[in-house]
Amino acid sequence: GGRLARGRAGRPHQATMAEAHAFANIGSHQKRGVLLHVTEEGVTFNVSVHIPSLPLLRRAVWRRIFRFRNAAVNGFYPLGPLFVLVFVAVLIVTVLSVGGDNWLRSGSVADVVWEIGLRLPWADGCGNKCRIGVLAAWTGLVFLLLVVFFQRSILRALLARNPFLKRKVPRVWARVWAGLVMLLSGRKPLMYSFQSSLPALPLPALEQTVRNHMASVRHVLDEGEWEEAQREAEAFLRSEGPTLQRYLQLKRFISPNYVADWWEKYCYLRGRAPIMINSNYYCMDSAYVRPTNVQTARVAGILHQFMQFKKMIDREVVPPIMFQGVVPLCMDQYKRMFSSTRLPGRECDEIKQYDVDVSKHIAVLHHGYWYRMPMYRWDGTPFTPSEMQGMLDAVKADVAGREPCDEDEGSIAAMTAWDRSKWAEAREEYFSEGLNKVSLQMIESAILVVVLDDDAPADGDFTAKAYSLMHGHDGTDRWFDKTITMVGFANGMVGWNCEHSWADAPVIGHLIEWAQLTGEHIAEYYDARGNCKVTEPSGTAAPPTPARASWSLSELARKSIRKARAASAALCSDLDLQCQCFEAYGKGVMKACGVSPDAWIQMAMQLAYFRDQGRFRLTYESSMTRLFKLGRTETVRPVCDESVAFVRAFEDGSTTDEDVLELLRAASTRHTNVSKDCMAGQGWDRHLFGLYIVSVGKEIESPFLKRALSTPWRLSTSQQPQNQTDRWSLKNPEHEKRVSPGGGFGPVADDGYGVSYMLSGEDYVYFHVSSKRSSPETDSTRFYGHIEASFARLRDLFEGAATAAAAGGTGGGSKAAPRTPKSIGGAASGGGKTPARRSARLKRGGGER
């Protein structure tokens, strides 16, 4: 492609047409094939053949070599390539050296192999020894493949029976199971080495799913609705339910995951609502550590880390994540992390991933102007961080020398925040040809999108940062269709807005941990002034100047952009968002009290919601199913008999602390068991979803499924994982400072809350609370206040019980005392704490930050 001619400062539009023509060539491919012209003078053939350059051919060859190598390694894993070669070589030598009467040459297996060899085409002059050697090699490879097949079958059977996800299991069996899994798992696996060993997602029993579902909605329906739901459930089990279950059993038999493709298509891609706020989510960088305040340097350093991680994905060498250090997780979602985008459709969107030969650049947005910035040299090596910073600085300098961007042209990104069908129609009508098509393809085919923002959120103002990352300036400066949009703030902070359909948040969390929370600090990119250190050798050719994209917008196209901008602005103004750090205590105290941290937080939120709304509502908590092939998520429903009993007892004030604690522990145990069931593929929401999709496809009416799938999630929650890499440890004080507040998402229901939380180290919990201002029922600030109060009340409950137990023990009382953790209230001396008197032991490092 040609290089863009840039206008000079003070004359921004002098080269507009030249830029437009030059940019039209960037990223375009020479047409190949035969062009036929029929005229009065005859027929003319125009043959066009595209011959790639030598560097491109070399990279293509190396790419195929890597893919072949990985396929061979994964095919024989856990047997190493060296072992395979040595085994085959030894077998060939052994077979050739023994006599004809040896069982290797005259046994039944040898007879079968020789009969097969007689039917194979052999080259002229291939002697008897050559044939024996070749057949011995093929026999050895087939034998090893059979060994691997049985090894993977045994491993798959073991993984399908994970004792850590069972409610009760003998400790000896758990240790034996873990030892067998580790023995069969091998060493140094590649990214996809375990994919063929992962079990298929199990299909729960129909009666079990209906029973669990009815128990989960008992307390969110009124009496009339509950009685009607019971009748529908009974009718479902008698009539259409078994038929739908048989269809799902067939789907499970013929596909690796009976629900994964339907979940992506119908839950995400067929949704017609704007994906900004409603589907996309945001992620933040380190809360309190910023290695440089220079915007372009920070973005360049993290970009360089991203390119290293992308290289690992391309070469399939990202180490698989091991659950509890033993069980491999499915890594399939990683393949679409970069160079992918969501394309709008009139009825259904699609996810398109671009080839590495096409996607070698990023798209940079600054003050409404779009630029194409290359990430690799001609030989395929990525630019250094200092070179990337120089190109980003060039973008800012070029924009500074131009007039402010046309408002409509600078708001094109708002189209991705619009209704999906309307965006699809506008895309087909106004962006499917000419200059607009080329500019749009540049953005969509980019590795990722980078936004150089003028915002500079204050340190500790997580709410302002969350607003900016969620939607930017009224949705006009974030490309929400892109898998990853990285936002670089003016003060050196960074963050990300991510499209949700291609993968779930833990995958992006892994990338951020690897690249920003650890890799950026390991690499030590920045000098004393905050700029990227110059590491390229002297004499290295300067990187090309980023090319500015141009647009040709008709009046109708401008009207569509204005409509999209108005719609996105309305969505943004309706968002009520709070991001806060709860500092009184963290999971260290929760574990000391003998309660699962996740269960503690979920029960605290049930308390908070009951105080906020005065009733119980259907609550969603996301749980992962990546223990199974192509697994994504399942739903944990925290509202149950045990949690309702605990909340009511806590609120009525007449129940003793000891009884409330017992109810809390019962609710916590129930929640932990349900979470394990969901991770083990025994949840019921994805099963109900699959049954509903079959009923719609087969035109089978099911009132039970309609009710089950239409009840809104008025409290949607998600915990964000940490420590997905072995490059850091939160027990290290230096590493603990780098923790991220995590990220958040929008509310699922118009009158509901969305709550994301991150357990940061042992002492802090970050909360991201969202709702809609248009709803008179919700208020994010109010709800977070209830969460804080619930946390304080739970700790007071344990401290009061510990104090009472200590006093009772001194007085010789015979009543059994509840557990008294040492970190709560100094129970040994009988001294309790109030929320105002925070123990220094609850603070990181023993003091205030």
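Everything discussed here concerns the structure shown above.
Residues numbered from 1 in each chain as written. Predicted model: local features only at pLDDT ≥ 70, side-chain atom pairs only at ≥ 80, totals over all residues. Heavy atoms only, no water.

## Regarding the packing of helix 5 (residues 108-118) against helix 6 (residues 128-159)
Part 1 of the argument: Interaxial distance between helix 5 and helix 6 falls to 10 Å at its minimum, and their mutual angle equals 115°. The way helix 5 lies across helix 6 gives a crossing that is right-handed. Residues V113, W114 and G117 of helix 5 form the contact with helix 6, whose participating residues are N128, I132, L135 and T139.
Part 2 of the argument: Each residue belonging to the contact of helix 5 with helix 6 can be placed in one class, and the counts come to 4 nonpolar, 3 polar and no charged. (Axes fitted to C-alpha atoms, helices over the stretch in contact; angles between N-to-C directions. Helix = DSSP H or I, 4+ residues; strand = E, 2+ residues; numbered from the N terminus. Left-handed = near helix turned anticlockwise from the far one by under 90°. Contact = heavy atoms within 4.5 Å. Nonpolar A, V, L, I, M, F, W, Y, C, P; charged D, E, K, R; others polar.)

## Topic: the sheet that holds strand 14 (residues 575-582)
Part 1 of the argument: Pairing within the open sheet is mixed, and its 6 strands lie in the order 14-20-19-17-15-16. In the strand order of this sheet, the two ends are held by strand 14 and strand 16 (633-636), each with one partner. In this sheet, adjacent strand axes meet at a mean angle of 20° when their direction is disregarded.
Part 2 of the argument: In this structure, strand 14 lies alongside strand 20 (residues 764-772), joined through 8 bridges in antiparallel fashion. Bridging from a neighbouring strand, F582 pairs with V765 of strand 20.
Part 3 of the argument: This element, helix 16 (residues 462-471), spans strand 14 and strand 20 of the sheet and lies at about 135° to strand 14.
Part 4 of the argument: Against the sheet, helix 23 (residues 685-697) contacts strand 15 (619-624) and strand 16, and its axis sits at roughly 115° relative to strand 16. (Pairing = 2+ DSSP bridges.)

## As for the pattern of salt bridges
Part 1 of the argument: Scanning the model with the defined rule gives 42 salt bridges in all.
Part 2 of the argument: One salt bridge connects E499 with R342, and the closest N-O pair in it is separated by 2.9 Å. One end of the pair, E499, is in the loop between strand 12 (494-498) and helix 17 (505-523); the other, R342, is in strand 6 (residues 340-343), and 157 residues separate them in sequence.
Part 3 of the argument: In this structure, R346 and E428 form a salt bridge, with 2.9 Å as the shortest nitrogen-oxygen distance. Note that R346 is positioned in the loop between strand 6 and strand 7 (350-353) and E428 in helix 14 (residues 420-430), a separation of 82 residues in sequence.
Part 4 of the argument: The class of R346 is partly exposed, set by a relative accessible area of 44%.
Part 5 of the argument: By sharing partners, the salt bridges in this structure join D406, E407, D408, E555, R558, R562 and R565 into a single network. (Salt bridge = Lys/Arg side-chain N within 4 Å of Asp/Glu carboxyl O. Buried < 20%, exposed > 50% of the residue type's maximum accessible area, 1.4 Å probe, protein only.)

## Quick look at a nonpolar patch on the surface
Part 1 of the argument: Together, V169, V172, W173, V176, L180 and L183 make up an exposed nonpolar region whose accessible area comes to about 550 Å².
Part 2 of the argument: Checked against the element boundaries, W173 lands in helix 7 (residues 171-185).
Part 3 of the argument: The class of W173 is partly exposed, set by a relative accessible area of 37%. (Patch = residues over 30% accessible without salt bridge, like charges linked within 9 Å, V, L, I, M, F, W, Y side chains within 5 Å. Areas by Shrake-Rupley, 256 points an atom, 1.4 Å probe, with all protein chains shown as cover.)

## Some details on the side chain of S756
Part 1 of the argument: With respect to the element layout, S756 can be found in strand 19 (residues 753-760).
Part 2 of the argument: One polar contact links S756 to Q720, side chain to side chain, over a distance of 2.5 Å.
Part 3 of the argument: Separated by 2.8 Å, the side chain of S756 and the backbone oxygen of G743 make a polar contact.
Part 4 of the argument: Residues in contact with S756, not counting those within four places in the same chain, are S718, Q720, G743, G744, F745, Y766, F767 and H768. (Polar contact = N/O pair within 3.5 Å; in protein donor to acceptor, adjacent residues only side chain to side chain.)

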